[in-house]
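The primary structure of each chain is shown beneath.
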Amino acid sequence: MKSEDQAELVGKRKREALLYRVAILLVLLTAGLVYYWIHSPTYAVLELEQSIKDRDLATFYSRIDLNRIYDSSLDAGAVLETGNDSSWDAIQANIGAGVNKVLKSQVMNSVKHDIELQFRRDVNASLETKSPTPVLFPISIMREFFEDSQGLVFGKLARLGDIALVNVDVSLKKMAKSYPLTLKLEKVGEWKVTGFEGLASSLSLYEKDRVSRVNDHNANVEREFKDLVPFFGQIREEPKLFKIGQELKFEFLFQNKGMSPLDRIEGVLTIHNIKGETVLKEAFSGADLHLNRNEKKVFLLSKDIGVLGDKVSFADGLTLHFEVETVRFEDGKTLRIVKGYGEL
């Protein structure tokens, strides 16, 4: 019995030793997998994605290399618009050109400032409550593109040595559309984003979409204006006093077919010749009209075309048209032609 007990005890100790070694192996394997995972490009991408959701600026900066992004020049041929020498314009103008318009340190400081403003912006703030402001100078399309972004959807990651690429869909709030980008990550100590690929094509598509949005908006305004405020007009050419020179008489009216009294109309009266060419323009502004529904208001304006006015150009076939710019009703409804995407 004693020898059997000893054999059982030895067997038990061997099993315990084996289990201990297996446990140690599992711990080491798990630690290795964890180490590999947290030092993988996939983990870097997930951490970057989470930092954007959590507005964790420190983690965000730990996963991007702004200097490398700047030095990489992003994409060749992505220059779409230049205007004021802002930091974003400098980066954009530098794309594919290899020319710095301002000192790199100034650019980086300004870009970091813009990034921090984006992270600190109140997510519950309603951008729609802001009244549109006129664009005084061209703004970098690239800056508008990234400032309008409201979310990123990360796709599959492909790794080749110390370089990895991951596809990303950038969702723009104002445009209500997503655009594809490819992030380039490099192992610089830790995995960090060091550049973009496909930015030029995305910006080019974004530029076309901006133009389409402006054109669609203005076309809708013009159609709605014709429905709500019909315009009727004619033009006469008459000699001035003592028959010295010529003047044009604009006779026109607006009718309000809207649901609320019409308060204001702004636009341009245009005269077309028999060929349909615009031969004369005259600004028009009518304020405080208080034109009730279905009411009409007649206007009469005179335009001096000078002693040397070309009577041939104004002889026959003249028609009067109105190009709307702004219409406002007393209930707050406003129709407005815009010149650029920033005004939408």
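Structure shown above.
Residues numbered from 1 in each chain as written. Predicted model: local features only at pLDDT ≥ 70, side-chain atom pairs only at ≥ 80, totals over all residues. Heavy atoms only, no water.

Caption draft 1: Examining the overall build of the chain more closely. Counting its secondary structure elements, the chain contains eight helices and eleven strands. Within the chain, the proportion of its 344 residues that are buried is 35%. (Helix = DSSP H or I, 4+ residues; strand = E, 2+ residues; numbered from the N terminus. Buried < 20%, exposed > 50% of the residue type's maximum accessible area, 1.4 Å probe, protein only.)

Caption draft 2: Broad picture of the pairing of strand β4 (residues 190-197). Inspection of the sheet shows strand β3 (residues 177-188) paired to β4 by seven bridges, in the antiparallel sense. Pairing of Leu183 across the sheet is with Phe196, part of β4. Joining the antiparallel neighbours β3 and β4 is a turn of one residue, in which Gly189 adopts a positive phi near 80°. (Pairing = 2+ DSSP bridges.)

Caption draft 3: Quick peek at the nonpolar core. In terms of nonpolar packing, the biggest core is built from 33 residues, with Phe145, Leu183, Leu185 and Tyr206 touching the most fellow members. Per element, the largest residue contribution to this core is five residues, and it comes from strand β2 (residues 163-172). Contacts of Leu185, omitting those with residues within four sequence positions, involve Pro41, Ala44, Val45, Asp162, Ile163, Ala164, Val166, Trp191, Lys192, Val193 and Thr194. Val221, Phe254, Phe284 and Val324 belong to the second-largest nonpolar core, a separate cluster that totals 26 residues. (Core = buried A, V, L, I, M, F, W, Y, C linked by side-chain atoms within 4.5 Å. Contact = heavy atoms within 4.5 Å.)

Caption draft 4: Broad picture of the environment of Leu46. Along the polypeptide, Leu46 turns up in helix α2 (residues 41-54). Leu46 gets classed as partly exposed once you look at its relative accessible area, which sits at 40%. Placed 108 residues apart in sequence, Leu46 and Phe154 show a C-alpha to C-alpha distance of 8.4 Å.

Caption draft 5: Up close: the pairing of strand β1 (residues 149-160). Summarising the sheet, β1 and β2 pair through nine bridges and their orientation is antiparallel. Bridge pairing links Gly151 to Ser171 in β2. Joining the antiparallel neighbours β1 and β2 is a turn of two residues, in which Gly161 adopts a positive phi near 65°.

Caption draft 6: Fine view of the sheet that holds β2. Read across the open sheet, the four strands follow the order β1-β2-β3-β4; overall the sheet is antiparallel. In this open sheet, the two strands that pair with only one neighbour each are β1 and β4. With strand direction ignored, the average angle separating the axes of adjacent strands in the sheet is 30°. Contacting β1, β2, β3 and β4, α2 runs over the sheet at an angle of about 175° to β1. (Axes fitted to C-alpha atoms, helices over the stretch in contact; angles between N-to-C directions.)

Caption draft 7: Seen up close, the sheet that holds strand β7 (residues 262-272). The four strands are arranged β8-β7-β10-β11 in an open sheet whose pairing can be described as antiparallel. A strand with exactly one partner marks an edge of an open sheet, and here the two such strands are β8 (278-286) and β11 (334-336). The mean inter-strand angle of the sheet, taken between neighbouring strand axes irrespective of direction, is 30°. Sheet analysis places β7 next to β8, joined by eight bridges and oriented antiparallel. The partner of Ile271 across the bridge, within β8, is Leu280.

Caption draft 8: Looking closely at the side chain of Asn273. Relative to the elements of secondary structure, Asn273 occurs in the loop between β7 and β8. A polar contact is formed between the side chain of Asn273 and the backbone nitrogen of Lys275, at a distance of 2.9 Å. Of the polar contacts made by the side chain of Asn273, one reaches the side chain of Glu277; its length is 2.9 Å. Each residue touching Asn273, except ones within four places of it in the same chain, is listed here: Val279, Gly317 and Leu318. (Polar contact = N/O pair within 3.5 Å; in protein donor to acceptor, adjacent residues only side chain to side chain.)

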